Amino acid sequence: MAYASYEHGGRHRVGRVDGDRLVPLAGLSEIGRHTDVDALRTAQELPAEAVAIDDVHLRPVVPDPAKIVCVGLNYHAHVDETGRQLPTYPVLFTKFASSLIGPDDPVELPPESEQVDYEGELAVVIGRRGRRIGTDAALDHVLGYTVSNDITMRDYQYKTHQWLQGKAWDRSTPLGPYLVTPSEVDLAGAGIRTRLRGEVVQSSTLDRLIFDIPTLVVAVSEFAELVPGDVILTGTPGGVGFRRDPQVFLVPGDEVTVEIDGVGTLTTAVRAESR
Ligand code: ZN
């Protein structure tokens, strides 16, 4: 199954993807803290209120997560291009709910940054509460997967030892278009690609993650309780613009696409911030 958080006629709803339509679920306004694994599975569908996907505004798959935890260096090729040592424990940082945009929204380049870069990533959405989750149970806590672009202001990321400003800029992180449930997708060997200006700039497979999904669930839940709607961005492959020669940064008029086999395609228009 695949689901979307969307706005239609001034209402926020969750819909199951049915071809090119969304079938709303009764009693759910968004995927988040109230949509655990059972809530999505048991919600009543309202087929009489189905709408064409083209006629709705898709919101971030999880519009208001309690936590967004991101992994810094999780593919060998990306670790290599940064010149860092291979990590033995995941490098984690966070974003805010206000960092997110939906799959229909453009990313607006802020006037303060000259180095806005792309990072295609698989996002994991949590569907079951848990603290100190064990490896064997980790995948039972996953509600589903979606696509993200961890768009990063490199000049702000490297201003200090903390990456926060470069990673948590308001409205910088597209998340979507759909939540795909684990039973629908085989992530083993699935490809992840980022395209910019007609060129594939990042290409890898999800089995190349240094820390796999169960390991990330274990590592995060060791120090913080995971709750439904929490999002984990699993890190980006090699090929980011900052590490290319010559360097590549996003400019107004660009379109950047992240695609993950079986999970979805996320295309984001780039424009200058209107002040
Ligand atoms: Zn990233």
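The rules behind the values
Residues numbered from 1 in each chain as written. Predicted model: local features only at pLDDT ≥ 70, side-chain atom pairs only at ≥ 80, totals over all residues. Heavy atoms only, no water. Helix = DSSP H or I, 4+ residues; strand = E, 2+ residues; numbered from the N terminus. Buried < 20%, exposed > 50% of the residue type's maximum accessible area, 1.4 Å probe, protein only. Contact = heavy atoms within 4.5 Å. Areas by Shrake-Rupley, 256 points an atom, 1.4 Å probe, with all protein chains shown as cover. Lys, Arg positive; Asp, Glu negative; His and termini not counted. Charge placed at Lys NZ, Arg CZ, Asp CG, Glu CD. Phe/Tyr/Trp six-rings, centres within 6.5 Å; stacked < 30°, edge-to-face > 60°. Lys NZ or Arg CZ within 6 Å of the ring centre and 35° of its normal. Donors = N, O, S within 2.8 Å, 3.2 Å for Na, K, Ca; no water. Pairing = 2+ DSSP bridges. Axes fitted to C-alpha atoms, helices over the stretch in contact; angles between N-to-C directions. Polar contact = N/O pair within 3.5 Å; in protein donor to acceptor, adjacent residues only side chain to side chain.

J.: Help me understand the overall build of the protein chain in this model?
T.: The helix and strand tally for the protein chain stands at 5 helices and 19 strands. The C-alpha extent of the protein chain, read off along each of the three principal axes, is 55 × 45 × 30 Å. Here the protein chain holds 275 residues, and the buried ones make up 57% of them. Within the protein chain, contacts between residues at least 6 apart in sequence are counted, and of these 74% link residues at least 24 apart. Counting every atom, the protein chain has about 12000 Å² of accessible surface; 47% of that belongs to carbon and sulfur. Distance between charge centres in the protein chain, computed from 26 positive and 40 negative side chains, equals 4 Å.

J.: How should the packing of aromatic side chains be read in this particular structure?
T.: Working definition: an aromatic ring pair is given by the centre-to-centre distance plus the angle between the planes. Taken as a whole and assessed by the stated rule, the structure comprises 4 aromatic pairs. Between the aromatic rings of Tyr-156 and Trp-169, the centroid separation amounts to 5.0 Å while the plane-to-plane angle is 80°, which identifies the pairing as edge-to-face. Taken together, the residues Tyr-156 in helix α3 (residues 154–157) and Trp-169 in the loop between α4 (164–167) and β14 (173–180) connect sequence positions 13 residues apart. Exposure remark for Tyr-156: the relative accessible area of 18% places this residue in the buried category. The rings of Tyr-158, Phe-242 and Phe-249 are connected pair by pair, giving a single aromatic cluster. Lys-159 extends its terminal NZ or CZ atom over the ring of Tyr-156, reaching a point 4.5 Å from the ring centre.

J.: Please explain the coordination of the zinc ion as it appears in this structure.
T.: Octahedral metal centres with six donors ideally show angles of 90 or 180 degrees, and tetrahedral centres with four donors ideally show 109.5 degrees. The protein atoms that coordinate the zinc ion are Glu-119 (OE), Glu-121 (OE) and Asp-150 (OD), at distances of 1.9 to 2.1 Å. Mapped onto the sequence, the donors of the zinc ion take the spacing E-x1-E-x28-D. Linking Glu-121 in strand β11 (residues 120–126) with Asp-150 in the loop between β12 (142–149) and β13 (152–153), this pair joins segments that are 29 residues apart in sequence. You'll find Glu-121 and Asp-150 in the same group, each marked buried.

J.: Teacher, can you tell me more about the sheet that holds strand β15 (residues 191–196) here?
T.: The pairing of strands in a sheet comes from backbone hydrogen bonds and takes either a parallel or an antiparallel form. Reading across from one edge, β9-β19-β18-β15-β16 is the order of the 5 strands in this open sheet, with mixed pairing throughout. The outermost strands of the open sheet, each flanked by one partner alone, are β9 (107–109) and β16 (199–205). Direction aside, the axes of adjacent strands within the sheet are offset by 20° on average. The pairing of β15 with strand β18 (residues 255–260) spans 5 bridges and is classified as antiparallel. In the sheet register, Ile-192 faces β18, and the bridge partner there is Ile-260.

J.: Would you mind going over helix α5 (residues 213–223) with me for this structure?
T.: Residues spaced three or four apart along an α-helix point in a common direction, a consequence of the helix completing one turn every 3.6 residues. Those residues of α5 that fall on the buried side of the exposure criterion are Ile-213, Pro-214, Leu-216, Val-217, Ala-219, Val-220 and Ser-221. For α5, the secondary structure elements touched by its buried residues are β6 (68–71), β7 (92–95), β11, β12 and β17 (231–233).

J.: Just to check I follow, could you spell out the side chain of Thr-268 for this structure?
T.: Assignment of secondary structure puts Thr-268 in strand β19 (residues 264–272). Excluding residues within four positions of it along the chain, Thr-268 makes contact with Ile-101, Asp-105, Pro-106, Val-107, Pro-174, Asp-254, Glu-255 and Val-256.

J.: Quick question: what am I supposed to make of the pairing of β6 here?
T.: Walk down a regular strand and you will see the side chains alternate between the two sheet faces. Covered by surrounding structure in β6 are Ile-68 and Cys-70 together with Val-69 and Val-71, the residues of both alternating faces. With 4 bridges joining them, β6 and β7 adopt antiparallel strand pairing. Along β7, the bridge assignment pairs Ile-68 with Lys-95. Summarising the sheet, β6 and β17 pair through 3 bridges and their orientation is parallel.

J.: Got a minute to help me understand the pairing of β14 in this structure?
T.: The buried fraction of β14 amounts to 8 of the 8 residues, a majority that puts the element mostly inside the structure. Taken together, the 2 bridges between strand β1 (residues 2–8) and β14 define a ladder with antiparallel strand orientation. Bridge assignment links Ala-2 to a residue of β14, and that residue is Val-180. Strand direction decides the pairing type here: β12 and β14, joined by 3 bridges, are antiparallel. Note that in β14 the partner of Val-147 across the bridge is Gly-176.

J.: Can you help me understand the environment of Glu-7 in this one?
T.: You can see Glu-7 is positioned in strand β1. Classification of Glu-7 by relative accessible area gives partly exposed; the value is 27%. Separated by 148 residues in sequence, Glu-7 and Asp-155 have C-alpha atoms that sit 34 Å apart. For Glu-7, the contacting residues outside a window of four places in its chain are His-12, Val-56, His-57 and Arg-59. Side-chain polar atoms of Glu-7 contact the backbone nitrogen of Gly-10, separated by 2.9 Å.

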